[in-house]
Amino acid sequence: MSRTTIVAVALFAFGGPALAQAPAVPELPAALKPGELKAYLAVPAKGVQIYACNKNAAGAYAWTFKGPVAELSDTAGKTIGKHYGGPTWEGSDGGKVVGTFKASAPAPGGNAIPWLLLDIKSRDGSGQFTQAAAILRVSTVGGTAPATGCDEAHAGAAQRVPYTATYYFLK
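Computed from a predicted structure; not experimentally measured.

1. Remarks on the confidence of the model for the chain
Looking at the chain as a whole, the pLDDT averages 89, with 88% of positions reaching at least 70. Segment residues 1-19: pLDDT under 50, and four contacts once partners within four positions in sequence are set aside and those in other chains are kept.

Given below as structure tokens:
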């Protein structure tokens with residue numbers, strides 16, 4: 001075996017994951033730029049945003065956000081975890097992170113939940129999600145609060161509004 005072949009085999013065998021390209025994040029509004037942090041994982045999500053009909057401080061009935069429920073997958077479509085209130089991202093590999101709001105920007109094109117930048121508030125276990133310092137929610141479709149149907153007769157009712165998004169885990 002030539003020296004070039006040995007080097008190529010060594011790079012393939014030992015450097016494969018290290019040579020993998022970072023996922024490409026879409027163009028972000030200025031408010032969501034994560035500074036020096038870079039994406040290491042792109043996670044498509046499909047689920048619902050849950051809203052409850054409640055009386056607000058002004059005495060009017062309105063839909064209020066309660067939390068998300070979504071299935072997380074890898075880019076090949078294999079389920080790798082779940083997303084729920086907290087907001088929490090829990091991986092099938094045992095790692096879990098809880099985020100905290102940092103910044104928001106309207107979804108391009110409107111009629112979708114906002115894009116978000118979240119810092120990590122806590123970590124539990126170990127896994128691919130627990131490496132994150134921050135998370136971006138982008139490429140959102142749907143998930144906005146219902147425009148009608150919340151009144152005294154529906155007080156306490158819940159609506160589950162379908163949404164999709166991509167979560168980018170940053171470190």
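2. Re unusual backbone geometry
The peptide bond linking Gly 86 to Pro 87 adopts the cis configuration, its omega dihedral lying at -10°. Structurally, the position occupied by Pro 87 is in the loop between strand 3 (79-84) and strand 4 (88-91). Of note in the backbone geometry, Asn 111 takes a positive phi value of approximately 55° without being a glycine. Position of Asn 111 among the secondary structure elements: in the loop between strand 5 (96-105) and strand 6 (115-124).

3. Observations concerning the state of the cysteines
Applying the stated criterion to the full structure yields one disulfide. The disulfide partner of Cys 53 is Cys 150, and the S-S distance across this bridge is 2.1 Å. Its torsion about the S-S bond being 90°, the disulfide of Cys 53 and Cys 150 is classed as right-handed. Pair noted here: Cys 53 is in strand 1 (residues 39-55) and Cys 150 is in the loop between strand 7 (134-142) and strand 8 (158-170), with a separation of 97 residues, a long-range link.

4. Looking at the sheet that holds strand 4
Strand order in the closed barrel formed by eight strands is 1-2-3-4-5-6-7-8, with antiparallel pairing between adjacent strands. The average angle at which neighbouring strand axes cross in this sheet is 30°, direction not considered. Bridge analysis of strand 3 against strand 4 gives four bridges, and the strand direction is antiparallel. Residue Gly 81 lies in a different strand from strand 4, and its bridge partner there is Gly 91.

Cut-offs applied
- Residues numbered from 1 in each chain as written.
- Predicted model: local features only at pLDDT ≥ 70, side-chain atom pairs only at ≥ 80, totals over all residues.
- Heavy atoms only, no water.
- pLDDT = per-residue confidence, 0-100.
- Contact = heavy atoms within 4.5 Å.
- Helix = DSSP H or I, 4+ residues; strand = E, 2+ residues; numbered from the N terminus.
- Disulfide = S-S within 2.5 Å.
- Pairing = 2+ DSSP bridges.
- Axes fitted to C-alpha atoms, helices over the stretch in contact; angles between N-to-C directions.

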